[in-house]
Amino acid sequence: EAIKYMKLWSILGNSQKLDGGAMFGNAPRTVWEKWIAPDADNRIALACRALLVEDLDGKTALFETGIGAFFEPRLRERYGVVESHHVLLDSLRAAGFGHEDIDVVVISHLHFDHVGGLLAPWQEGQAPKLLFPRAKFIVGEQAWQRALHPHPRDRASFIEGLPALLEATGRLERIDGDHSATLGPRVRFHHSNGHTPGLMLAEIRGDAGGVVFCADLIPGRPWVHLPITMGYDRFPERLIDEKHVFLDAMIERDVRLFFTHDAQCALARVTRDAKGRYGTGDERAALVGETI
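Residues numbered from 1 in each chain as written. Predicted model: local features only at pLDDT ≥ 70, side-chain atom pairs only at ≥ 80, totals over all residues. Heavy atoms only, no water.

Even after reading the chapter, I still don't get the environment of D207, so can you show me in this structure?
Note that D207 resides in the loop between β10 (199-206) and β11 (209-213). Expressed as a C-alpha distance, the spacing of D207 and K4, which sit 203 residues apart in the sequence, is 7.1 Å. Among the polar contacts listed, one links the side chain of D207 to the side chain of R186, at a separation of 3.5 Å. (Helix = DSSP H or I, 4+ residues; strand = E, 2+ residues; numbered from the N terminus. Polar contact = N/O pair within 3.5 Å; in protein donor to acceptor, adjacent residues only side chain to side chain.)

Just checking my understanding: could you explain the sheet that holds strand β1 (residues 7-12) for this structure?
The strands that make up a sheet pair up through hydrogen bonds in the backbone, lying either parallel or antiparallel. The strand order β8-β7-β6-β5-β4-β1-β15 describes an open sheet built from seven strands, whose pairing is mixed. For this open sheet the edge positions go to β8 (172-175) and β15 (288-291), each flanked by a neighbour on one side alone. Across this sheet, the average inter-strand angle for adjacent strands is 25°, counted without regard to direction. Its contacts with the sheet place helix α4 (residues 87-94) against β1, β4 (49-56) and β5 (59-63), and it is angled at close to 145° to β1. (Pairing = 2+ DSSP bridges. Axes fitted to C-alpha atoms, helices over the stretch in contact; angles between N-to-C directions. Contact = heavy atoms within 4.5 Å.)

Any chance you could explain the nonpolar core here in plain terms?
When a protein is soluble and globular, its nonpolar side chains tend to lie buried together. Of all hydrophobic cores here, the largest spans 54 residues; its most connected members are F24, L51, F63, L183, I218, F246 and L257. Element by element, the count of residues in this core is highest for β10, at five residues. Discounting residues that sit within four places of it in the chain, I218 has contacts with W223, V224, K243, F246, L247, L257 and F259. Counting 38 residues, the second-largest nonpolar core is a separate cluster that includes L89, A120, L130 and A135. (Core = buried A, V, L, I, M, F, W, Y, C linked by side-chain atoms within 4.5 Å. Buried < 20%, exposed > 50% of the residue type's maximum accessible area, 1.4 Å probe, protein only.)

What exactly am I supposed to notice about the pairing of strand β12 (residues 255-258) here?
Residues of β12 alternate between two faces, with V255 and L257 on one and R256 and F258 on the opposite face, all of them buried. Where β11 lies against β12, four bridges are found, and the strand directions are parallel. Bridging from a neighbouring strand, V212 pairs with L257 of β12. What joins β11 to β12 is helix α8 (residues 236-253), and the crossover it makes is right-handed. With two bridges joining them, β12 and strand β13 (residues 267-272) adopt antiparallel strand pairing. Following the sheet pairing, L257 is matched in β13 by A268. (Right-handed = clockwise from strand over helix to strand, strands pointing away.)

For this particular structure, what's the right way to read the packing of aromatic side chains?
Centre-to-centre distance and the angle between the planes together describe a pair of aromatic rings. What the rule picks out here adds up to nine aromatic pairs. Relative to F97, the ring of W9 has its centre 5.3 Å away and its plane inclined at 75°; by these criteria the two rings are edge-to-face. Residue W9 is found in strand β1, and its partner F97 is found in the loop between α4 and β6 (104-107); the two are separated by 88 residues along the sequence. The same class applies to W9 and to F97, which are both buried. Look at F24 and W32: their rings are 5.6 Å apart centre to centre, the planes differ by 10°, and that puts the pair in the stacked class. Across the pair, exposure class does not vary: F24 and W32 are buried alike. Taken together, F24, W32, W35 and W223 form an aromatic cluster joined through their ring pairs. Stacked on the ring of F235, the Lys or Arg R238 has its end atom at 4.8 Å from the ring centre. (Phe/Tyr/Trp six-rings, centres within 6.5 Å; stacked < 30°, edge-to-face > 60°. Lys NZ or Arg CZ within 6 Å of the ring centre and 35° of its normal.)

Even after reading the chapter, I still don't get unusual backbone geometry, so can you show me in this structure?
It is generally the case that most residues other than glycine have a negative phi and that most peptide bonds are trans. In the Ramachandran plot, A215 falls in the positive-phi region, its phi being about 45° despite a non-glycine side chain. Position of A215 among the secondary structure elements: in the loop between β11 and α8. Exposure remark for A215: the relative accessible area of 0% places this residue in the buried category. One non-glycine residue, D282, lies in the positive phi region at around 55°. Summarising the element assignment, D282 is placed in strand β14 (residues 278-284).

What's the story with the sheet that holds β14 in this structure? I'm lost.
Ordered by their spatial adjacency, six strands build an open sheet running β9-β10-β11-β12-β13-β14, and the pairing between neighbours is mixed. The sheet terminates laterally at β9 (187-192) and β14, the two strands that pair on one side only. Mean inter-strand twist for the sheet, computed between neighbouring axes without regard to direction, equals 35°. Note: β10 against β11, four bridges, orientation antiparallel. Considered in β11, the bridge of G206 is made with G209.

The structure is reproduced here in structure tokens:
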């Protein structure tokens, strides 16, 4: 059988500036500012990066959509969204794709900075409108239930009305296991509950290696370090335990990590030193039609 290669693009969406203390949980600023320098308001620059896979068994799949431009100006300011236009759509076009060309959108969880890009940009007096008219939407059942029944601590992280819009398309696949009927055996889902119940990390396996979309289990390179978690994580100790098992598995199988929130780095290999400390190597700022 002939080898079928897939092509990968890193697709930048709207960027954010968020409080560094919130992004690094209980790590003090003297530790984290060495990794990412804060601005005068203590905010750090964050990407909302998606992964586009062309010819995933004949399909064009987009893993996440970033924060998008759905917020009204007041909330855009509050959540530190830098650009007012829908950057993801521009980045897709630059890679040669429109949102209409996407066959599948994979959603790791339904926090707004990962699914806001599903919606058209905010317009005064207009109801939210879903983009991606042909795509099937894949989401984990547990994450779906969390969006429908949020906890007071994370209610503000969800977009009211989005689940109903997704359901109304008739193109929603809610999954419980490690594979999806839409994407088949080349995409395996890892499950994590430390950041939010039901987070799904998609591992894409090509004939020339594997890449895993780390979502908010590991938002960027600094969070590879075991004790480092976010203030937004529901269960930090559980997240650290999950990260430990996950990173060991990725090293063992030589699967590279794809980062959604790292402003400087899209892809890296996990390293582990003699003392068992994790790090990253072979770092890539962007992917442009990368073959796997």
